[in-house]
Amino acid sequence: PDDFDQFWQAKIAKLEEVPANPVLTPGESGRPDIEYGLITMDHVDGGKIHGQYAKPKKAGKKPVLLIFQWASPPYPLDKSWVLGHAAQGWLVINIQPHDVLPTEPQEYYDDLPEEIKHYESIGNDDRDESYFLRMYLAAYRAVDYAASHPDWDGKTLACYGTSMGGQQSLCVAG
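It should be emphasised that the depicted structure is a prediction, and the values quoted were computed from it without experimental measurement.

The rules behind these values
Residues numbered from 1 in each chain as written. Predicted model: local features only at pLDDT ≥ 70, side-chain atom pairs only at ≥ 80, totals over all residues. Heavy atoms only, no water. Helix = DSSP H or I, 4+ residues; strand = E, 2+ residues; numbered from the N terminus. Rg over C-alpha atoms; globule rule 2.2 N^0.38 Å. Contact = heavy atoms within 4.5 Å. Areas by Shrake-Rupley, 256 points an atom, 1.4 Å probe, with all protein chains shown as cover. Lys, Arg positive; Asp, Glu negative; His and termini not counted. Charge placed at Lys NZ, Arg CZ, Asp CG, Glu CD. Salt bridge = Lys/Arg side-chain N within 4 Å of Asp/Glu carboxyl O. Buried < 20%, exposed > 50% of the residue type's maximum accessible area, 1.4 Å probe, protein only. Axes fitted to C-alpha atoms, helices over the stretch in contact; angles between N-to-C directions. Parallel < 35°, antiparallel > 145°, perpendicular 65-115°, else oblique. Left-handed = near helix turned anticlockwise from the far one by under 90°. Nonpolar A, V, L, I, M, F, W, Y, C, P; charged D, E, K, R; others polar. Pairing = 2+ DSSP bridges.

Student: Just checking my understanding: could you explain the overall build of the protein for this structure?
Tutor: Along its length, the protein carries six helices and six strands. The secondary structure elements of the protein, listed N-terminal to C-terminal, are α-β-β-β-β-α-β-α-α-α-β-α. Taking 174 residues into account, the globule formula puts the C-alpha radius of gyration at 16 Å, and the protein, at 16 Å, falls close to it. The dimensions of the protein, computed from C-alpha atoms along their principal axes, are 50 × 40 × 25 Å. For the protein, restricting intrachain contacts to residue pairs at least 6 apart in sequence, the fraction spanning at least 24 positions comes to 67%. Accessible surface computed for the protein: about 9000 Å², of which carbon and sulfur atoms make up 53%. The positive charge centre, built from 15 side chains, and the negative charge centre, built from 26, are 11 Å apart in the protein.

Here it is in structure tokens:
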């Protein structure tokens, strides 16, 4: 639309009014050379962005890899999705597509409201209420966090995902 740039800049400005307040909760990687943990950041409208991270314990600057997940149905994040990349030298941040905790038992995800399991219909006729907008802004915040991370090498910041995560990757890369 003709007003897309204005629309998107207004949404980014709204996001930037909310401090990210990243909280890193260290976890067990199961590998002596890899640091692993969970990350939570604040999001618009009182929401949260949840994910996991991993990086080599070796000091020095690293390339960043952001992983965005498929979205349906909600599910836990698997450590293996970040550990292998970290073992190859990446600082990896893997973001949950919904405002749900990233590592709960399957029953937690099964018991989520039906509406979130059919997220694609939430606000699908209103760009200001579209559920996808929440995902895009969460991905934007993750990129912003990664680009400000003291371990980032300042050169390589890559993102990928499958299904809805692929779409998020294309949006934030743009």
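Student: Sorry if this is basic, but what is going on with the pattern of salt bridges here?
Tutor: Between side chains of opposite charge, a pair can form as their charged atoms come close. If you walk through the whole model with that rule in mind, you get seven salt bridges. Between Asp3 and Arg127 there is a salt bridge; the shortest N-O distance is 2.6 Å. Here Asp3 is found in the segment before helix H1 (4-16), whereas its partner Arg127 is found in the loop between helix H4 (114-117) and helix H5 (131-148), with 124 residues between them in sequence. With a relative accessible area of 31%, Asp3 lands in the partly exposed category. Its salt-bridge partner being Asp42, residue Lys48 comes within 2.4 Å of it at the nearest N-O pair. Residue classification places Asp42 among the buried residues on the basis of a relative accessible area of 17%.

Student: Got a minute to help me understand unusual backbone geometry in this structure?
Tutor: Excluding glycine, residues mostly have negative phi values, and the peptide bonds linking residues are mostly trans. The residue after Ser72, namely Pro73, is reached through a cis peptide bond having omega -15°. Within the secondary structure, Pro73 is located in the loop between strand S4 (62-68) and helix H2 (80-87). One non-glycine residue with positive phi stands out, namely Asn21, at about 45°. Although it is not a glycine, Asp45 adopts a positive phi angle of roughly 55°.

Student: It is not clear to me how the packing of H5 against helix H6 (residues 164-173) should be interpreted in this structure. Could you clarify?
Tutor: Packed helices, taken two at a time, are described by their axes: the angle between them and the distance between them. Here H5 crosses H6 at 60°, and the two axes come no closer than 9 Å. When the axis of H5 is compared with that of H6, the two are oblique. Judged by the twist between their axes, the crossing of H5 over H6 is right-handed. Here Phe132, Met135, Tyr136, Ala139, Tyr140 and Val143 of H5 lie close against H6, whose contacting residues are Met164, Gln167, Gln168, Cys171 and Val172. Its residues assigned to classes, the contact of H5 with H6 comprises nine nonpolar, two polar and no charged.

Student: Explanation requested: the pairing of strand S3 (residues 48-56) in the structure shown.
Tutor: Each regular strand displays side chains that alternate between the two surfaces of the sheet. Of all nine residues making up S3, eight are buried, and the element is well covered by its neighbours. Both strand S2 (residues 34-42) and S3 contribute to a ladder of nine bridges, which runs antiparallel. Paired with Gly37 across the two strands is Tyr53, which belongs to S3. Linking S2 to S3, which pair antiparallel, is a turn of five residues; within it Asp45 sits at a positive phi near 55°. Across four bridges, S3 lies against strand S5 (residues 91-95) in antiparallel orientation. The partner of Tyr53 across the bridge, within S5, is Ile93.

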